[in-house]
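Structure at a glance
Given next are the chains, with one letter for each unit.
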Amino acid sequence: MNHQRECPVETLIHVLGGKWKPMILWHLIESKKRFNDLEKLIPDVSQKMLSQHLRDLEREGIVDRTVYPAIPPKVEYSLSEYGRTLIPVAEVMCAWGENHNKRKYEESAS
């Protein structure tokens, strides 16, 4: 059953929810990445969770998965054209995080 979400924030949380999806999105902004590249950039994520989140983001149309005919198989992940519409959202989240960290640091220093 696919019920329509009433709140756009709920939709955003559904698509980007989870600890790792925003991190995946952030790392794919720069360039396409292979699975191993993402594992190195996000060292605390398990292979299972990274794989699951990449599949979720692919299913939502946020991430493109390209398989190259090579031995061993080469697979790259990139932001889709639609996924690139989330770049301003990611940039605002990053700026907020930087400001929050600065605020917390200033509070602890005083």
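Keep in mind that this is a model prediction, so the values were computed, not measured.

What counts, and at which threshold
Residues numbered from 1 in each chain as written. Predicted model: local features only at pLDDT ≥ 70, side-chain atom pairs only at ≥ 80, totals over all residues. Heavy atoms only, no water. Helix = DSSP H or I, 4+ residues; strand = E, 2+ residues; numbered from the N terminus. Contact = heavy atoms within 4.5 Å. Areas by Shrake-Rupley, 256 points an atom, 1.4 Å probe, with all protein chains shown as cover. Lys, Arg positive; Asp, Glu negative; His and termini not counted. Charge placed at Lys NZ, Arg CZ, Asp CG, Glu CD. Core = buried A, V, L, I, M, F, W, Y, C linked by side-chain atoms within 4.5 Å. Buried < 20%, exposed > 50% of the residue type's maximum accessible area, 1.4 Å probe, protein only. Phe/Tyr/Trp six-rings, centres within 6.5 Å; stacked < 30°, edge-to-face > 60°. Lys NZ or Arg CZ within 6 Å of the ring centre and 35° of its normal. Pairing = 2+ DSSP bridges. Salt bridge = Lys/Arg side-chain N within 4 Å of Asp/Glu carboxyl O. Axes fitted to C-alpha atoms, helices over the stretch in contact; angles between N-to-C directions. Parallel < 35°, antiparallel > 145°, perpendicular 65-115°, else oblique. Left-handed = near helix turned anticlockwise from the far one by under 90°. Nonpolar A, V, L, I, M, F, W, Y, C, P; charged D, E, K, R; others polar.

Right, let's talk about the overall build of the protein for a bit. When helices and strands are tallied, the protein shows five helices and three strands. The secondary structure elements of the protein, listed N-terminal to C-terminal, are α-α-β-α-α-β-β-α. C-alpha extents for the protein along the principal axes are approximately 60 × 35 × 25 Å. The long-range share in the protein, meaning contacts at least 24 apart out of those at least 6 apart in sequence, stands at 47%. With the model as given, the accessible surface of the protein reaches about 8,100 Å², and the carbon-plus-sulfur share is 54%. Of the charged side chains in the protein, 16 are positive and 16 negative; the average position of the first set lies 5 Å away from that of the second.

Below, the discussion takes up the nonpolar core. One finds Ile24, Leu28, Ile62 and Leu79 to be the most contacted residues of the largest nonpolar core, which totals 21 residues. Elements with a minimum of two residues in this core: α1 (8-16), α2 (21-30), α4 (47-59), β3 (74-79) and α5 (87-109). Looking at this core, the element that brings in the most residues is α2, giving four residues.

Quick look at the environment of lysine 32 now. Mapped onto the fold, lysine 32 is located in the loop between α2 and β1 (33-34). Distance from lysine 32 to leucine 79, taken between C-alpha atoms, is 7.4 Å for residues 47 residues apart in sequence.

Taken as a whole and judged by the stated rule, the model has zero aromatic pairs. In this arrangement the basic side chain of lysine 74 is found over the ring face of tyrosine 68, its NZ or CZ atom lying 5.1 Å from the centre.

We now examine the pairing of β3. For β3, the tally of buried residues reaches five of six residues, placing the bulk of the element in the interior. Inspection of the sheet shows strand β2 (residues 63-68) paired to β3 by six bridges, in the antiparallel sense. Its bridge partner lying in β3, valine 67 is registered against valine 75. The loop that links β2 with its antiparallel partner β3 comprises five residues.

Counted under the stated rule, the structure contains six salt bridges. When the shortest N-O distance is used, the salt bridge between lysine 21 and aspartate 56 registers 3.4 Å. Within this pair, whereas lysine 21 is found in helix α2, its partner aspartate 56 is found in helix α4, the two being separated by 35 residues in sequence. The exposure classification of lysine 21 matches that of aspartate 56, with both residues buried.

Attention now moves to the packing of α2 against α5. In contact at an axis separation of 10 Å, α2 and α5 are set at 110° when each is read in the N-to-C sense. As the angle between them shows, α2 and α5 are arranged roughly perpendicular. In terms of crossing hand, the pair formed by α2 and α5 is left-handed. Together, Pro22, Leu25, Trp26 and Ile29 of α2 and Ile87, Ala90, Glu91, Met93 and Cys94 of α5 make up the contact between the two elements. Of the residues that constitute the contact of α2 with α5, the class distribution is eight nonpolar, no polar and one charged.

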